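Coordinate inspection notes
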Amino acid sequence: MTVHEAERRAMSRALELAARGPRGANPQVGAVILSPSGEILAEGWHHGAGTAHAEVDALSKLPGDAARGATAVVTLEPCNHTGRTGPCALALIDAGIARVIYALDDPGDVSGGGAERLRGAGVEVEAGEQADDARSLISDWLTAQRLGRPHITVKWAQSLDGRAAAADGTSQWITGPFARADVHRRRAAADAIIVGTGTMLADDPALTARDGDSPYDHQPVPVVIGSRETPADAAVRRHPHDVLFYETRDLHAVVADLHERGIQSAFVEGGPTLASAFISAGLADRVLAYVAPVLLGGDRLALTDVGVPTISAARRIVIDEWVPLGTDMLAIARLEDNEGVR
Ligand code: AOF
Ligand code: ZN
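Scoring rules and cut-offs
- Along each chain, numbering runs from 1 in the same order as the chain's sequence is written.
- Numbering of ligands from 1 and lettering of chains from A proceed in the order in which they are written.
- Only residues with pLDDT of at least 70 get local features here, since the model is predicted, and only at 80 or more are side-chain atom pairs given and counted; chain-wide, interface and lining totals rely on the full set of residues.
- With hydrogens and water stripped out, all remaining heavy atoms of the structure feed into the side-chain values.
- We call a residue near a molecule or strand whenever a single non-hydrogen atom of that residue lies within 4 Å of it.
- We define a polar contact as two N or O atoms separated by no more than 3.5 Å, with the added condition that, inside protein, one atom must be a possible hydrogen donor and the other a possible acceptor, whereas residues neighbouring each other in sequence contribute only through side-chain atom pairs.
- Every accessible area reported is derived by Shrake-Rupley at a probe size of 1.4 Å, with residue values counting cover from the shown protein chains alone.
- Only Asp, Glu, Lys and Arg are considered charged, only Ala, Val, Leu, Ile, Met, Phe, Trp, Tyr, Cys and Pro nonpolar, and every remaining residue, Gly among them, polar.
- Only nitrogen, oxygen and sulfur atoms count as donors, using a 2.8 Å cut-off from the metal that widens to 3.2 Å for Na, K and Ca. Water is left out, so coordination shells may look unfilled.
- Angle rules define the geometry names used: all angles between 85 and 135 degrees makes four donors tetrahedral, while opposite donors over 155 degrees apart and all other angles between 65 and 115 make four donors square planar and six octahedral, leaving every other case irregular.
- Using a 1.4 Å probe on the protein chains alone, a residue whose accessible area is under 20% of its type maximum counts as buried, one over 50% counts as exposed, and one in between counts as partly exposed.
- Pairing between strands is defined by DSSP: at least two bridges between them are needed.
- Secondary structure elements follow DSSP: runs of H or I no shorter than four residues count as helices, runs of E no shorter than two count as strands, and numbering proceeds from the N terminus.
- Orientation is described by axes fitted as lines to C-alpha atoms, over the contacting stretch for helices, and by angles from 0 to 180 degrees between their N-to-C directions.
- The contact criterion used throughout is that any non-hydrogen atoms of two residues lie within 4.5 Å.
- Domain extents, as shown, originate in an automatic or database domain assignment.
- With a 1 Å grid spanning the protein atoms alone, the term cavity applies to any set of points in which a 1.4 Å probe fits but cannot get out, the term pocket to an open set with protein on both sides within 12 Å along at least five of seven lines, and the term lining residue to any residue with an atom within 4 Å of a point.
- Grid points are joined across faces, edges and corners, and a volume is the space filled by probe spheres set on the points.

Focus on the site of ligand 1
- Around ligand 1, 19 residues are found, and the nearest of them are N26, A54, E55, C79 and D106.
- At 2.8 Å, a side-chain N or O of E55 approaches an oxygen atom of ligand 1.
- R84 is positioned such that a nitrogen or oxygen atom in its backbone is 2.9 Å from an oxygen atom of ligand 1.
- In isolation ligand 1 has 520 Å² of accessible area, and contact with the protein removes 94% of it.
- Classifying every residue of the shell around ligand 1 by side-chain character gives 8 nonpolar, 7 polar and 4 charged.

Here you go:
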């Protein structure tokens, strides 16, 4: 069996439709229904968890028997489970769809298997069409599915001698303007930005992502972890998103909750205690260390206890890249013993 030109074009279109949907607990998925002669009969996409899946959205735009004998072109394998909605594989079979082209296998243990179900009902199925584009569209979702939690970046800024602040606690600004701009750009790419209450009280950060003075279109959800109260006039309370507060030390519980809320990537901004806790808990998939050409001395270390009692237990890291940023250097690294690498 081959994938026809009209089906290829329909997949490109389905990918465009998919991108209209929101990032969240569910993947972005698009679907196009084609007549046997290759005309577009209907288009659909997934509007977010709890709403109709892309295939069902597309089918709902067709009257009665209009999909009988038609081809469905979908960016993800039609699901096979009853979750918040019913199985798409069944909806396609019931609508009389004769052929299904999809890009990516559904990685879910429960939701997967739709292709087999379709084949079992006599539907022709082709997998893998434009899989790379489909994968890159939902790569963060796929990573979060694999990890069972958001992908986590732990970031800090340090002096060349590994300090995050001067003796009196002041830390603005260790790094220069290029490094700060880089941080904001990366913040804007994350779904959530996490700080401890210590940093929140010491720095009163806005936790927004800004390009100079103007906010980026996408703002990460601010998350504050710790037992101390956030003052009523704290800058973070003026963030465009509601703040998520977690009065717990159980980081696994925090990331599980973020995952349920559809947060696919998170950026941990400090301070040293929280950054160290994420590393100790095995929850740091990527490390960003901004190193500035200053010496601070003293005991305000960039990291505290990361569970290394002796040198043989040192947490080995792999540096993927050293990025010069003005007179600063950014190390983009991952922990060798973490699986959440991508
Ligand atoms: C599809 N088409 O458009 C999407 C799919 O809880 P539910 O019912 O919304 O199911 C969510 C799961 O369904 C999700 O984790 C993923 O495996 C699949 N998403 N499948 O056939 C769609 N969005
Ligand atoms: Zn579905």
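Comments concerning the coordination of the zinc ion (ligand 2)
- Protein ligation of the zinc ion (ligand 2) involves H53 (ND1), C79 (SG) and C88 (SG), the donor distances falling in the range 1.9 to 2.2 Å.
- Taken together, the 4 donor atoms coordinating the zinc ion (ligand 2) and their angles of 95 to 120° define a geometry best described as tetrahedral.
- Each donor residue of the zinc ion (ligand 2) lies on one chain, and together they are spaced H-x25-C-x8-C. Across this residue pair, the class does not change: C79 and C88 are buried.

Comments concerning the sheet that holds strand β2 (residues 40-45)
- With mixed pairing, 5 strands are arranged side by side in an open sheet as β2-β1-β3-β4-β5. At either margin of the open sheet sits one strand with a lone partner, and together these are β2 and β5 (124-127). Taken over all neighbouring pairs, the strand axes of this sheet differ in orientation by 15° on average, direction set aside.
- Two strands pair when backbone bridges link them, and strand β4 (residues 99-104) and β5 are joined in this way by 4 bridges, in the parallel orientation. Bridged to I101 within β5 is E126.
- This element, helix α1 (residues 5-18), spans β1 (30-34), β2, β3 (71-76) and β4 of the sheet and lies at about 145° to β1.

Some details on the domain arrangement of the protein chain
- Each assigned domain of the protein chain is listed with its residue range as follows: domain 1 (5-137) and domain 2 (144-338).
- Taken over C-alpha atoms, the centre of domain 1 sits 38 Å from the centre of domain 2.

Considerations on the side chain of E7
- Positionally, E7 belongs in helix α1.
- When its relative accessible area of 4% is taken as the criterion, E7 is described as buried.
- Only 2.8 Å separates the side chain of E7 from the side chain of R99, close enough to count as a polar contact.
- Excluding its chain neighbours within four sequence positions, the residues that come into contact with E7 are T2, L34, T71, V73, R99 and I101.

Description of the layout of surface pockets
- Its boundaries defined by the atoms lining it, the largest pocket holds a volume of some 1400 Å³.
- Lining the largest pocket are 50 residues; nearest its centre among them are T199, E269, G270, G271 and P272.
- Its residues placed into classes, the lining of the largest pocket shows 21 nonpolar, 17 polar and 12 charged.
- Of the pockets and cavities examined, the second largest pocket occupies roughly 600 Å³.
- Elements with a contribution of two residues or more to the lining of the second largest pocket: α2 (54-59), α6 (139-147) and α9 (251-260).
- The element that contributes the greatest number of residues to the lining of the second largest pocket is α6, accounting for 3 residues.
- In terms of residue class, the lining of the second largest pocket is made up of 12 nonpolar, 13 polar and 6 charged.

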